[in-house]
Amino acid sequence: MSATRAREVAVVGGGLAGLVTALRLAERGVQVAVLEKGAEERYPCNARISGGGFHVCFLHVEQDEAALVAAIQQATCGFAQPELAAVVARDTRTAVRWLKEKGVQFVKGGGDTWRENTLAPALVARPGLQEGRGGDVLIRTLGAALKNAGGALLRGARATRLRMDGPRCVGLEMEREGNTEIVDARAVVLCDGGFQSNGELLREFITAAPERLKQRNAGAGNGDALQMARAVGAQLVGMQTFYGHLLAREAMDDAPLWPYPMVDHVCTAGVVVHSTGRRIADEGLGGVYLVNQLARLADPLSAIAVYDQAIWNGPGRGHIVPANPHLVEGGAKIFRAHDLRSLASEVGLPVATLEATIAEYNAALAAGQGARLAPPRTTSVIKAYPIVEPPFYAFRLCAGITFTMGGIAVDRAGRVLNESNEPIAGLCAAGCCTGGLDGGPQAGYVGGLAKSAAMGLRTADDLAAFLRAGD
Ligand SMILES: Cc1cc2nc3c(=O)[nH]c(=O)nc-3n(C[C@H](O)[C@H](O)[C@H](O)COP(=O)(O)OP(=O)(O)OC[C@H]3O[C@@H](n4cnc5c(N)ncnc54)[C@H](O)[C@@H]3O)c2cc1C
């Protein structure tokens, strides 16, 4: 151990949740330091490379709170903890207004109303990773504001272990420049962004083959917060699901095909089959659901999208960076044939099975009986297209993981809960390292930026009030 520092609060992670929490604490007069493991000025984090759309279940953040809560419960099939749903429904708008006051700029990022609060500058229509857009400006703006407010951002500081005095967290240990340092603190707030980039944890909770998922993220969420919290008795919740998108198979080889174009629109309008030629799951439940189903296959890389000309020219052109034409531009191999038989043999799928799959599928849609298929094809949210208009198309898929939905259990004030649902004194968590909001049987997605900003703000306000009451 080389040095001991003291802060009232130590925040682990300089992404959106960590910087919002720290800045708000600093504004409340709390002496705070953010430990950020990335050493570079533009250290990688998911917030920095995000698409920048603040929404709650793809609804405008200013929508009626009760409507937002209902949307969260519907998307997660009742999985979301009511108190966390309430925080996100109420505090996301507060967070967006507060961010605007801090100088963060928003633009209308597209036609849908939920895109009205998109970080500026918004994404441009081209495949591949887009750096230096709104997420990057957000992180730089918050970092500068934290410094101005008297807070510290220590880059190259990786938190490794929580320090406990009996049942109370009293700080942590961190690695910096090859040394281990102690940080004494009255409270620690964990904001490391999730465990999506930790193969062992992915194998424990999500997939038998983590190396066959595409890391559609900044690579910074290694589950350190989860492991530190688990070591001191924290409860974990909703660990099996993740947020992500379907990508072309070639994205695995780092072709400029991730994080965009995502191919959810094509897959959910058409069908997704595996190497047997049979459908895998209900495409009507959306891309996030499908990507979770792919991850559960013995081989997550065995899935193939099959669709027709009407889909390619319709939903294929959906999204800011649409699959049509950006898949081709980004280097994906697209199979194309004038009949399904030729398509199947080009792709290497069993011809008779693929023909039977598509014939059954088309017949069920024509009869309005998609729900009777195995697996069913629901149409209440996403329109199903019959696959009838030549030419027919196919391409191989991979499952892109953006962030894990499950994580550390917290209450409405961000206090980390133990297995008995009691807060662990001095320990909070916010953002995508927490669980209990997104997830459920259909991997319902609420909104990563909303969750991080709203929970960060709420945690900071309650923690500041608690610390000041104790003075
Ligand atoms: C390509 C892409 C597009 C996205 N688009 C959207 C969108 O349009 N809308 C939306 O709502 N969400 C979107 N998201 C999700 C959103 O970016 C995240 O949900 C959000 O940024 C999570 O914030 P966070 O603070 O929890 O984590 P992060 O922003 O990832 O920050 C975590 C930080 O913790 C640091 N850290 C990790 N371990 C340690 C440690 N041991 N010690 C110190 N520091 C540590 C990391 O280095 C990182 O800087 C997108 C994500 C990606 C990748």
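Not measured: the values here are computed from a predicted model.

Cut-offs and rules
Residues numbered from 1 in each chain as written. Predicted model: local features only at pLDDT ≥ 70, side-chain atom pairs only at ≥ 80, totals over all residues. Heavy atoms only, no water. Helix = DSSP H or I, 4+ residues; strand = E, 2+ residues; numbered from the N terminus. Rg over C-alpha atoms; globule rule 2.2 N^0.38 Å. Contact = heavy atoms within 4.5 Å. Buried < 20%, exposed > 50% of the residue type's maximum accessible area, 1.4 Å probe, protein only. Pairing = 2+ DSSP bridges. Axes fitted to C-alpha atoms, helices over the stretch in contact; angles between N-to-C directions. Phe/Tyr/Trp six-rings, centres within 6.5 Å; stacked < 30°, edge-to-face > 60°. Lys NZ or Arg CZ within 6 Å of the ring centre and 35° of its normal. Domains from an automatic or database assignment. Buried area = accessible area lost by both parts, 1.4 Å probe. Salt bridge = Lys/Arg side-chain N within 4 Å of Asp/Glu carboxyl O. Polar contact = N/O pair within 3.5 Å; in protein donor to acceptor, adjacent residues only side chain to side chain. Nonpolar A, V, L, I, M, F, W, Y, C, P; charged D, E, K, R; others polar. Parallel < 35°, antiparallel > 145°, perpendicular 65-115°, else oblique. Left-handed = near helix turned anticlockwise from the far one by under 90°.

With respect to the overall build of the protein chain
Within the protein chain, the regular secondary structure consists of 14 helices and 19 strands. By the compact-globule yardstick of 23 Å for 471 residues, the protein chain fits well, its C-alpha radius of gyration being 23 Å. Seen through its C-alpha atoms, the protein chain measures out along the principal axes to roughly 75 × 40 × 40 Å. Counting contacts in the protein chain only where the partners sit at least 6 residues apart, residues at least 24 apart contribute 72% of the total.

Topic: helix α7 (residues 224-231)
Taken as a whole, α7 has its buried residues at Asp 224, Ala 225, Leu 226, Met 228 and Ala 229. Backbone geometry just downstream of α7 places Gly 233 in the positive-phi region, at approximately 95°.

Some points on the sheet that holds strand β10 (residues 236-237)
Taking strand neighbours across the sheet as the criterion, the three strands line up as β10-β16-β19 in an open arrangement whose pairing is mixed. The open sheet has two edge strands, β10 and β19 (434-435), and neither has a second partner. Strands in contact with α7 are β10 and β16 (407-409); relative to β16, the strand with the most contacts, it is inclined by about 40°.

Side note on the packing of aromatic side chains
Under the counting rule described, the total for this entry stands at eleven aromatic pairs. With a centroid separation of 5.8 Å and an interplanar angle of 75°, the aromatic rings of Tyr 307 and Phe 395 are classed as edge-to-face. A residue pair is termed long-range when its members are at least 10 positions apart, and Tyr 307 in strand β13 (residues 304-308) and Phe 395 in strand β15 (residues 392-404) qualify at 88 residues. Residue Tyr 307 is classed as buried on the basis of its relative accessible area, which comes to 0%. Between Trp 312 and Tyr 393 the ring centres are 5.6 Å apart and the planes differ by 40°, which places this aromatic pair in the tilted class. Of this pair, Trp 312 sits in helix α10 (residues 309-313) while Tyr 393 sits in strand β15, placing them 81 residues apart in sequence. By the burial criterion, Trp 312 is buried, and Tyr 393 matches it. Following the ring pairs from residue to residue traces out a cluster consisting of Phe 58, Trp 114, Tyr 243, Phe 403 and Tyr 445. The aromatic ring of Tyr 43 is capped on one face by Arg 48, whose charged end is 4.7 Å from the ring centroid. Directly above the aromatic system of Tyr 260 lies the positively charged group of Arg 216, at a separation of 5.3 Å from the ring centroid.

Side note on the domain arrangement of the protein chain
Each assigned domain of the protein chain is listed with its residue range as follows: domain 1 (5-240 + 405-469) and domain 2 (243-401). Between domain 1 and domain 2, the C-alpha centre-to-centre distance is 32 Å. Counting residues at the interface gives 29 residues for domain 1, matched by 33 residues for domain 2. Note on domain 1 versus domain 2: buried area summed over both sides is about 2800 Å², and carbon and sulfur give 63% of it. Considering only the side of domain 1, the residues that lose the most area to domain 2 are Arg 212, Lys 214 and Arg 216, jointly responsible for 31% of the buried surface there. Here Arg 212 makes a salt bridge to Asp 299, at a shortest N to O gap of 2.7 Å. Counting the contacts that link domain 1 with domain 2 gives twelve residue pairs in polar contact (both at pLDDT 80 or more). For the side of domain 1 that touches domain 2, the per-class residue count stands at 13 nonpolar, ten polar and six charged.

Description of the packing of helix α1 (residues 16-27) against helix α5 (residues 134-148)
Axis separation between α1 and α5 bottoms out at 9 Å; the angle between their running directions is 25°. Here α1 lies roughly parallel to α5, going by the angle between them. You can see that α1 and α5 cross each other, and the crossing is left-handed. Along its contact with α1, which presents Leu 16, Leu 19, Val 20, Ala 22, Leu 23 and Ala 26, the element α5 presents Leu 138, Ile 139, Leu 142, Gly 143, Ala 145 and Leu 146. For the contact of α1 with α5, the class distribution of residues is eleven nonpolar, one polar and no charged.

As for the environment of Ala 371
With respect to the helices and strands, the residue Ala 371 is situated in the loop between α13 (351-366) and β15. Exposure remark for Ala 371: the relative accessible area of 58% places this residue in the exposed category. Sequence separation between Ala 371 and Arg 24 is 347 residues; the distance between their C-alpha atoms is 48 Å. Sequence-distant contacts of Ala 371, that is, excluding residues within four places in its chain, are made with Pro 376 and Arg 377.

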